[in-house]
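Take a look at the letters that make up each chain.
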Amino acid sequence: MTVTPDVLTYYEQGKEDGRLRTGRGRLELWRTQDVLRRALPSPPTRVLDIGGGTGVHAEWLVADGYEVELLDPVPLHVERAGALPGVTARLGDARDLPLPDTSADAVLLLGPLYHLPDRADRVTALAEARRVVRPGGLVAAATISRYAAVHDMVYLGVYEHEPHRRAAREAMENGRLLGPAQGFPAYLHEPDEVPGEFADAGLPGAERYGLEGAFWLYGDVDDWLDDPERRRLMLDAQRTLERVPSLLGVSGHLLTLARRPAQAPASPSGGHAGGRARPGCRTG
């Protein structure tokens with residue numbers, strides 16, 4: 001995908017790799033693994049990691065036995081991911097994948113929807129994922145919760161500052177976060193809007209999973225994650241809560257899963273949605 005200068009500047013700092021490997025970001029990583037390992041087809045199968053960054057997820061997927069191809073719009077990410085054993089990496093745009101139809105067993109978008117503020121672009125990215133996955137194959141997409149900015153800024157102790165407070169409140173109102181500090185512009189989803197975007201991309205029946213629950217806001221979350229037994233209990237507890245509708249918005253991130261229908265659903269014009277979908281056009 002074509003990224004804005006602000007987004008490119010942020011990712012060229014190389015912070016994203018460390019975010020998921022250290023501190024409370026580990027909770028997002030381990031919970032993503034937990035949900036995906038229950039949903040992915042058994043290896044060896046082919047997984048596309050779209051917007052896969054430096055390969056944090058690709059690395060464990062390869063270790064699990066999957067064939068992984070990563071596409072990302074940031075050259076630094078592609079360089080680093082491509083150096084990982086077993087990972088194929090190249091530049092790519094989530095809205096126009098340079099891949100043939102039904103060429104993957106699963107498609108992951110664990111970041112691209114953050115950076116697409118226009119709904120039509122998000123639906124296009126999901127429709128492209130649907131196009132390249134086989135019938136019955138899995139499409140999984142991560143989204144940031146609409147309320148994450150308020151929660152995070154309170155946790156970090158910056159909500160008292162007016163620029164941060166204003167940015168968090170505006171994000172809660174319209175979904176568009178313009179970070180006043182070192183972050184990047186992002187789109188934050190209402191939990192209830194995600195399944196509609198999946199459905200409009202020809203992926204009905206999407207299921208939502210809260211990744212971190214309220215645990216990412218615990219003041220001693222790092223201590224829990226550092227202790228193997230306490231970490232096991234935390235992950236187990238969130239698994240029991242992951243699909244409670246009233247708790248979805250508390251998570252910093254949601255993971256939404258759907259499978260491509262075995263047969264192409266009819267489009268509004270009476271045709272079929274087997275090819276590329278027009279942005280914003282209902283195909284399922």
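I will try to describe carefully the structure that is included in this document.

Calculation rules
- Residues numbered from 1 in each chain as written.
- Predicted model: local features only at pLDDT ≥ 70, side-chain atom pairs only at ≥ 80, totals over all residues.
- Heavy atoms only, no water.
- Helix = DSSP H or I, 4+ residues; strand = E, 2+ residues; numbered from the N terminus.
- Buried < 20%, exposed > 50% of the residue type's maximum accessible area, 1.4 Å probe, protein only.
- Core = buried A, V, L, I, M, F, W, Y, C linked by side-chain atoms within 4.5 Å.
- Contact = heavy atoms within 4.5 Å.
- Phe/Tyr/Trp six-rings, centres within 6.5 Å; stacked < 30°, edge-to-face > 60°.
- Lys NZ or Arg CZ within 6 Å of the ring centre and 35° of its normal.
- Salt bridge = Lys/Arg side-chain N within 4 Å of Asp/Glu carboxyl O.
- Axes fitted to C-alpha atoms, helices over the stretch in contact; angles between N-to-C directions.
- Parallel < 35°, antiparallel > 145°, perpendicular 65-115°, else oblique.
- Nonpolar A, V, L, I, M, F, W, Y, C, P; charged D, E, K, R; others polar.
- Left-handed = near helix turned anticlockwise from the far one by under 90°.

Looking along the chain, the bond that leaves Pro43 and enters Pro44 is cis, with omega of 0°. Mapped onto the elements of the fold, Pro44 is located in the loop between helix 3 (25-39) and strand 1 (46-50). Positive phi outside glycine occurs at Thr102, with the angle close to 50°. Here Thr102 shows up in the loop between strand 3 (87-91) and strand 4 (104-109). On the basis of relative accessible area, Thr102 is assigned to the partly exposed category, the value being 39%.

For the rest of this paragraph, the subject is the nonpolar core. The nonpolar side chains of a soluble globular protein tend to be buried, and buried together. The biggest cluster of nonpolar side chains holds 45 residues, and the ones touching the most others in it are Leu36, Leu40, Leu61, Leu108, Leu255 and Leu257. The element contributing the most residues to this core is helix 3, with five residues. Filtering out sequence-adjacent residues up to four positions away, Leu257 remains in contact with Val35, Leu36, Ala39, Leu138, Val139, Ala140, Phe198, Gly205, Ala206, Glu207 and Tyr209. One finds Leu99, Leu116, Val132 and Ala258 within the second-largest nonpolar core, a separate group that totals 26 residues.

Here we come to the packing of aromatic side chains. Inspection of every chain in the model, using the stated rule, returns one aromatic pair. Note on Phe215 and Tyr218: the rings are 5.2 Å apart at their centroids and 65° apart in plane angle, and the pair reads as edge-to-face. The exposure class of Tyr218 is partly exposed, given its relative accessible area of 33%. The side chain of Arg165 reaches across the aromatic face of Tyr159, ending 6.0 Å from its centre.

Moving on to the pattern of salt bridges. Proximity of charged atoms lets side chains of opposite charge pair with each other. Evaluated as defined, the whole model comprises 28 salt bridges. For Asp220, the salt bridge is made with Arg230, and the minimal N-O distance between the two is 3.8 Å. Highlighted residues: Asp220 in the loop between strand 8 (207-210) and helix 10 (221-226) and Arg230 in helix 11 (residues 228-241), separated in sequence by ten residues. Measuring nitrogen to oxygen at the nearest pair gives 2.6 Å for the salt bridge that ties Glu229 to Arg232. In this pair, Glu229 and Arg232 both sit in helix 11, three residues apart, roughly one turn of the helix. The partly exposed category is assigned to Glu229, whose relative accessible area is 42%. Arg232 sits in the partly exposed class, given a relative accessible area of 45%.

Quick look at the packing of helix 7 (residues 148-156) against helix 8 (residues 162-174) now. In the contact formed by helix 7 and helix 8, the axes pass within 8 Å of each other and the chain directions differ by 155°. Considering the angle they form, helix 7 stands roughly antiparallel to helix 8. Here Ala149, Val150 and Met153 of helix 7 lie close against helix 8, whose contacting residues are His164, Ala167, Ala168, Ala171 and Met172. Of the residues contributing to the contact of helix 7 with helix 8, the split by class is seven nonpolar, one polar and no charged.

With their axes 11 Å apart at the nearest point, helix 3 and helix 4 (residues 56-63) run at an angle of 45° to one another. The angle between helix 3 and helix 4 falls in the class oblique. Considering only the axes of helix 3 and helix 4, their crossing is right-handed. In contact with Leu29, Thr32, Gln33, Leu36 and Arg37 of helix 3, helix 4 contributes Val56, His57 and Trp60.

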